[in-house]
There are 2 protein chains.
Amino acid sequence: MAEATFKNINTHAIEIDSYLRVALSVDCVIFGFDEHELKILLIRSDLTEFKNKWTLLGDLVRPDEDPDKAAYRVLRDRTGLKNVYLEQVHTFGKPGRHPAGRVVTIAYYSLVNIEKVKLTTLAHELHWHPVKDIRQMAFDHRQIFDTCFQQLQTAVLDRHVGFGLLPPKFSLSKLQRVYEAILGETLDRRNFRKKILAMDILEDLEEIETNVSHRPGKLYRFKGRINQKFC
Amino acid sequence: MAEATFKNINTHAIEIDSYLRVALSVDCVIFGFDEHELKILLIRSDLTEFKNKWTLLGDLVRPDEDPDKAAYRVLRDRTGLKNVYLEQVHTFGKPGRHPAGRVVTIAYYSLVNIEKVKLTTLAHELHWHPVKDIRQMAFDHRQIFDTCFQQLQTAVLDRHVGFGLLPPKFSLSKLQRVYEAILGETLDRRNFRKKILAMDILEDLEEIETNVSHRPGKLYRFKGRINQKFC
DNA sequence: CCAAAAGTGTTACAATTACACCCATGA
DNA sequence: TCATGGGTGTAATTGTAACACTTTTGG
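Note that residues are indexed from 1 along each chain, following the sequence as it is written. By the order in which they are written, chains take letters starting at A while ligands take numbers starting at 1. Two thresholds apply to this predicted model, a pLDDT of at least 70 for residue-level local features and 80 or more for giving and counting side-chain atom pairs, whereas whole-chain, interface and lining totals are computed over all residues. No hydrogens and no water enter the side-chain calculation; it runs on all heavy atoms of the structure.

S.K.: Would you mind showing me how to read the protein's contact with DNA strand C here?
M.R.: One heavy atom within 4 Å of a molecule or strand makes the whole residue count as near it. DNA strand C sits among 20 residues. The nearest are Ser-173, Arg-189, Arg-193 and Lys-218 of chain A together with Val-212 of chain B. Per the 4 Å cut-off to the protein, sugar and phosphate atoms form 41% of the nearby atoms of DNA strand C. Between DNA strand C and Ser-173 of chain A there is a distance of 2.3 Å, counted from a phosphate oxygen to a side-chain nitrogen or oxygen. Starting at the N terminus, helices and strands are each numbered in turn, a helix being any DSSP run of H or I of at least four residues and a strand any DSSP run of E of at least two. Breaking the surface near DNA strand C down by element, the ones donating at least two residues are α3 (172-183) and α4 (189-198) of chain A together with α4 (189-198) of chain B. The element contributing the most residues to the surface near DNA strand C is α4 of chain A, with four residues. Classification used: nonpolar for Ala, Val, Leu, Ile, Met, Phe, Trp, Tyr, Cys and Pro, charged for Asp, Glu, Lys and Arg, polar for all others including Gly. A per-class count over the surface near DNA strand C returns three nonpolar, six polar and 11 charged. Distance and chemistry together define a polar contact, namely a pair of N or O atoms within 3.5 Å, with one atom able to donate a hydrogen and the other to accept it when in protein, and with adjacent residues in sequence counting only for side-chain atoms on both sides.

Shown next as structure tokens:
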């Protein structure tokens with residue numbers, strides 16, 4: 001079992017043979033919030049193994065590209081957006097997970113303001129899918145989605161990342177709907193407002209909604225960054 | 001910017017050129033608990049760039065090896081242990097992080113019962129370091145350690161993973177010392193006991209400590225698995 | 001004036017914190 | 001008998017959960 005010494009990459013200068021290398025990709029679960037519903041952005045695969053199955057947006061990480069940057073690149077290319085919330089979640093690397101050979105993928109989720117997303121191309125039926133309708137997906141993407149969605153549910157309570165799904169100005173009701181969509185449960189309006197306002201993370205813009213056929217809500221802005229992980 | 005279509009690995013059958021491949025490693029932050037202190041297992045690097053700096057235990061992931069399995073392999077080879085708590089934390093892949101070229105590493109932390117660890121070889125001064133003494137490390141290993149330690153601090157409260165550091169039978173005081181060592185703060189004894197016992201995750205073994213020069217504590221066993229992620 | 005959603009406080013309950021004395025053992 | 005850590009309960013505080021009516025707007 002244990003030999004006298006281990007030669008490895010942390011302790012010794014070692015040649016990394018080509019056969020030891022793997023392809024590295026990033027896959028992004030891009031969440032958007034459409035009035036009342038959480039959605040993710042998907043395209044169809046053309047691979048014979050997964051013909052017509054839905055897949056996440058991803059790409060190979062380029063030589064000398066930081067994986068985080070690669071994920072931002074995918075987002076920018078697909079949504080036109082630059083300043084979005086992005087968080088690395090988990091790396092999936094089971095052998096056989098990809099028909100093209102050994103492809104290890106780093107999964108990210110990101111939160112975008114869906115109104116700002118201009119889908120510049122609808123190639124491969126790129127479009128938004130309600131989270132509640134997600135069934136089978138290509139590769140292990142269903143598992144990746146599940147992991148990312150769980151992470152989002154934790155993060156919205158712990159770190160209040162939900163603001164990433166909203167425009168800069170929003171009413172408390174919109175914010176509540178975001179929390180409800182992510183958590184999949186309804187929340188008490190008074191308790192929600194109390195809690196959020198007590199956190200002192202919102203700035204009252206002294207403005208109200210317009211063109212709503214009911215009493216307009218006050219508008220707020222999220223103070224500071226959602227967390228340190230912006231690009 | 002956005003082209004009409006993107007050819008990528010999720011949608012098209014693509015040749016993965018060799019230059020797109022990277023070396024993939026795993027690095028393990030192996031935590032042990034030595035009476036009153038949290039420690040991690042480190043060795044010294046021989047690489048000229050990091051001569052005599054401390055490094056985590058890691059290795060290249062083998063062709064067709066599941067990264068999780070690779071992490072278990074590293075643990076088994078270095079500690080002789082098989083059934084340990086292991087959790088993937090984050091993947092670090094900044095270009096330039098490793099002098100051998102493009103090496104992307106998946107970081108794990110693991111929790112072992114330090115009494116069971118027989119360091120079969122002391123090559124490269126393999127030994128336990130108090131967490132509080134950790135300073136500089138080779139590569140980006142200091143950052144990896146910080147990330148894993150933070151994760152552990154969250155996990156011990158959320159998922160009570162701390163049991164992984166203890167032998168099967170332990171007293172409540174030992175358990176409390178584990179929590180205190182991980183969190184870096186002292187806890188109230190009565191409140192701690194109340195909380196842990198209320199969770200109904202401990203089995204009273206109807207045994208007591210022996211050979212202690214004070215009133216012996218009752219021994220308990222952790223019911224069920226720490227979480228689903230055992231090997 | 002009707003429909004729709006905004007705004008607002010109080011009370012009950014649960015969880016957390018703070019805190020001090022006696023007990024069992026080995027030396 | 002002394003030193004050491006084990007074992008135990010209660011009261012105060014804080015946080016969470018439940019709950020209903022009035023207001024403002026557009027149609």
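S.K.: Any chance you could explain the packing of aromatic side chains here in plain terms?
M.R.: Here the distance between the centres and the angle between the planes together describe a pair of aromatic rings. All names here are of chain A. Stacked, tilted and edge-to-face are the three classes applied to pairs of Phe, Tyr and Trp rings, where Trp contributes its six-membered ring and a pair requires centres within 6.5 Å; stacked means planes under 30 degrees apart, edge-to-face means over 60, and tilted covers the rest. Scanning all chains against the criterion turns up 18 aromatic pairs over all chains. Relative to Phe-149, the ring of Phe-31 has its centre 6.0 Å away and its plane inclined at 35°; by these criteria the two rings are tilted. Taken as a pair, Phe-31 in strand β1 (residues 21-34) and Phe-149 in helix α2 (residues 141-158) lie far apart in primary sequence, 118 residues in all. Phe-149 shares its class with Phe-31; the two are buried. Consider the rings of Phe-163 and Phe-170, whose centres lie 5.7 Å apart with planes at 45°: the pair is tilted. A connected cluster of aromatic rings, assembled from ring pairs, spans Phe-31, Tyr-85, Tyr-109, Phe-145 and Phe-149. Only protein chains enter the accessibility calculation, which uses a 1.4 Å probe. A residue is then buried if its area is under 20% of the maximum for its type, exposed if over 50%, and partly exposed in between.

S.K.: Honestly, the protein's contact with DNA strand D in this entry has me stumped. Any pointers?
M.R.: Neighbouring DNA strand D are 21 residues, the closest being Arg-215 of chain A together with Ser-173, Arg-189, Arg-193 and His-214 of chain B. A share of 39% of the atoms of DNA strand D within 4 Å of the protein falls on sugar and phosphate groups. With respect to DNA strand D, the backbone of Arg-215 of chain A contributes an N or O atom lying 2.8 Å from a base oxygen. Here Arg-193 of chain B contributes a side-chain N or O atom positioned 2.5 Å from a phosphate oxygen of DNA strand D. When contributions to the surface near DNA strand D are tallied by element, the ones reaching two or more residues are α4 of chain A together with α3 (172-183) and α4 of chain B.

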